[in-house]
Amino acid sequence: MESIRRKARIIALQALYEFDCVGHDLAESTARLIQEKPLPEDAALFSQELVTGVEENKEKIDAQIQKFAPSFPVEQLSLIDRAILRLAIFEIVIDKKVPLKVAINEAVELAKTFGNNNSAKFVNGVLGSVSSAILQS
């Protein structure tokens, strides 16, 4: 069974993916998704914080993706892989409220569920490089 926090991450991921696909307003999409799949108030707030954090820090996050996956231009990544990486990098580099390993594990699980056959490996590799850089600094 999925944890409440994972469900909140899934809603954030869906909102970010929807924005990339069709340009829907992030706040409206997040609110609609939370209404469709109700979450406890703290989890709904967590989901909204993730979406807002990614939106407000997108350039910084995308620069991290480009730095640690230079062979894969951000704009050419699959939409789902890009959204997963943005969420995880926000949690790891900017938000820093969850342990590094938890953020990576959650991202890999999202990639296994929503990505293609190579997504989990790709996401794990990029986030492994991000975490190595953080641990060395």
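Okay, so let's go over this structure. Every value quoted in this text rests on a predicted model; they were computed, and no experiment measured them. The numbers attached to residues start from 1 for each chain and follow its sequence in the written order. Whole-chain, interface and lining totals are the exception, using all residues; otherwise, since this is a predicted model, local features are given only for residues with pLDDT of at least 70 and side-chain atom pairs are given and counted only at 80 or more. Only hydrogens and water are removed before side-chain values are computed, so all heavy atoms of the structure are retained for them.

Moving on: the overall build of the protein chain. The number of helices and strands found in the protein chain is 7 helices and 0 strands. What counts as a helix is a DSSP run of H or I of at least four residues, what counts as a strand is a run of E of at least two, and both are numbered from the N terminus. Each helix and strand of the protein chain, placed in order from N terminus to C terminus, yields the pattern α-α-α-α-α-α-α. Taking 2.2 N^0.38 as the reference for a compact globule, 137 residues should give roughly 14 Å; the C-alpha atoms of the protein chain span a radius of gyration of 14 Å, in line with that estimate. Across its three principal axes, the protein chain shows a C-alpha extent of roughly 40 × 30 × 30 Å. Remark: exposure states derive from per-residue accessible area (1.4 Å probe, protein chains only) relative to the maximum for the residue type, with buried under 20%, exposed over 50%, and partly exposed in between. Within the protein chain, the proportion of its 137 residues that are buried is 47%. Pairs of residues are marked as contacts when any of their non-hydrogen atoms sit within 4.5 Å. Here the contacts in the protein chain between residues at least 6 apart in sequence split such that 64% fall between residues at least 24 apart. When the accessible surface of the protein chain is summed, it comes to about 7,500 Å², and 51% of that surface belongs to carbon and sulfur atoms. We count Lys and Arg on the positive side and Asp and Glu on the negative side, and we leave His and both chain ends out. To locate a charge, the coordinates of NZ of Lys, CZ of Arg, CG of Asp or CD of Glu are taken. Treating the 16 positive side-chain charges of the protein chain as one cloud and the 19 negative ones as another, the clouds have centres 8 Å apart. Radius of gyration: C-alpha atoms only; globule rule: 2.2 Å multiplied by the number of residues to the exponent 0.38. Throughout, the Shrake-Rupley method with a 1.4 Å probe supplies accessible areas, and for residues the shown protein chains are the sole cover considered.

Turning our eyes to something else, we now look at the packing of helix 6 (residues 100–114) against helix 7 (residues 119–136). Packing of helix 6 against helix 7 leaves a shortest axis separation of 8 Å and a crossing angle of 165°. Here helix 6 is positioned roughly antiparallel relative to helix 7, judged by the angle of their axes. In this structure, the crossing between helix 6 and helix 7 has a hand that is right-handed. Of helix 7, the residues touching helix 6 (which contributes Leu-100, Ile-104, Ala-107, Val-108, Ala-111 and Lys-112) are Ser-119, Ala-120, Val-123, Asn-124, Leu-127, Ser-131, Ile-134 and Leu-135. To define axes, lines are fitted to C-alpha atoms, for helices over the stretch in contact only, and angles between the resulting N-to-C directions are given on a 0 to 180 degree scale. What sets the label is the angle itself: under 35 degrees gives roughly parallel, over 145 gives roughly antiparallel, 65 to 115 gives roughly perpendicular, and the rest give oblique. Crossing chirality is assigned from the near helix's rotation relative to the far helix, an anticlockwise turn below a right angle marking it left-handed and a clockwise turn marking it right-handed.

The next subject is the nonpolar core. Across soluble globular proteins, nonpolar side chains show a tendency to be buried alongside one another. Nonpolar cores are built from buried Ala, Val, Leu, Ile, Met, Phe, Trp, Tyr and Cys residues. Side-chain atoms within 4.5 Å join them into one set. Core analysis: the biggest nonpolar cluster contains 46 residues, and Ile-84, Leu-85, Leu-87, Val-123 and Leu-127 have the highest contact counts within it. Counting only elements with at least two residues in this core, the list comes to helix 1 (4–22), helix 2 (26–36), helix 3 (41–56), helix 4 (58–68), helix 5 (79–95), helix 6 and helix 7. The element that contributes the greatest number of residues to this core is helix 5, accounting for 10 residues. Setting aside chain neighbours within four positions, we find Val-123 in contact with Ile-84, Leu-85, Ala-107, Val-108 and Ala-111.

What follows concerns the pattern of salt bridges. Any carboxyl oxygen of Asp or Glu that lies within 4 Å of a side-chain nitrogen of Lys or Arg is treated as forming a salt bridge with it. Evaluated as defined, the whole model comprises 10 salt bridges. Among the ionic pairs, Glu-106 bridges to Arg-6, the shortest N-O distance being 2.9 Å. Of this pair, Glu-106 sits in helix 6 while Arg-6 sits in helix 1, and the two are 100 residues apart along the sequence. By relative accessible area, which is 8% here, Glu-106 ends up buried. Among the salt bridges present, the one from Glu-36 reaches Arg-32, with a minimum N-O distance of 3.3 Å.

Before going further, it helps to examine the side chain of Arg-86. By the secondary structure assignment, Arg-86 is in helix 5. A polar contact of 3.3 Å, which involves the side chain of Arg-86, links it to the side chain of Asp-20. With near-sequence residues (within four places) excluded, Arg-86 lies in contact with Asp-20, Val-54, Lys-58, Ile-61, Asp-62, Ile-65 and Val-74. Side-chain atoms alone can form a polar contact between residues adjacent in sequence; in general such a contact is a pair of N or O atoms within 3.5 Å, and within protein one must be able to donate a hydrogen while the other accepts it.

Moving on, we come to helix 5. Roughly 25° is the biggest bend found in helix 5, and it falls at Ile-89. Lys-96 occupies a position one or two residues after helix 5 and carries a positive phi of about 55°. To obtain the bend at a residue, axes are fitted to the seven residues ending there and to the seven starting there, and the angle between these axes is taken.

Any pair of aromatic rings gets described here by the distance separating the centres and the angle formed by the planes. Two rings from Phe, Tyr or Trp (for Trp, the six-membered ring) form a pair when their centres sit within 6.5 Å of each other. Planes less than 30 degrees apart are called stacked, planes more than 60 degrees apart edge-to-face, and all others tilted. Throughout the structure, instances matching the rule amount to 1 aromatic pair. Taking 4.9 Å as the distance between ring centres and 65° as the angle between the ring planes, the aromatic pair formed by Phe-72 and Phe-122 counts as edge-to-face. Within this pair, whereas Phe-72 is found in the loop between helix 4 and helix 5, its partner Phe-122 is found in helix 7, the two being separated by 50 residues in sequence. One cation-aromatic arrangement involves Arg-5 over Phe-46; the distance from NZ or CZ to the ring centre is 3.7 Å. Two conditions define a charge located above a ring, namely a distance within 6 Å from the ring centre to NZ of Lys or CZ of Arg, and an angle within 35 degrees of the ring normal.

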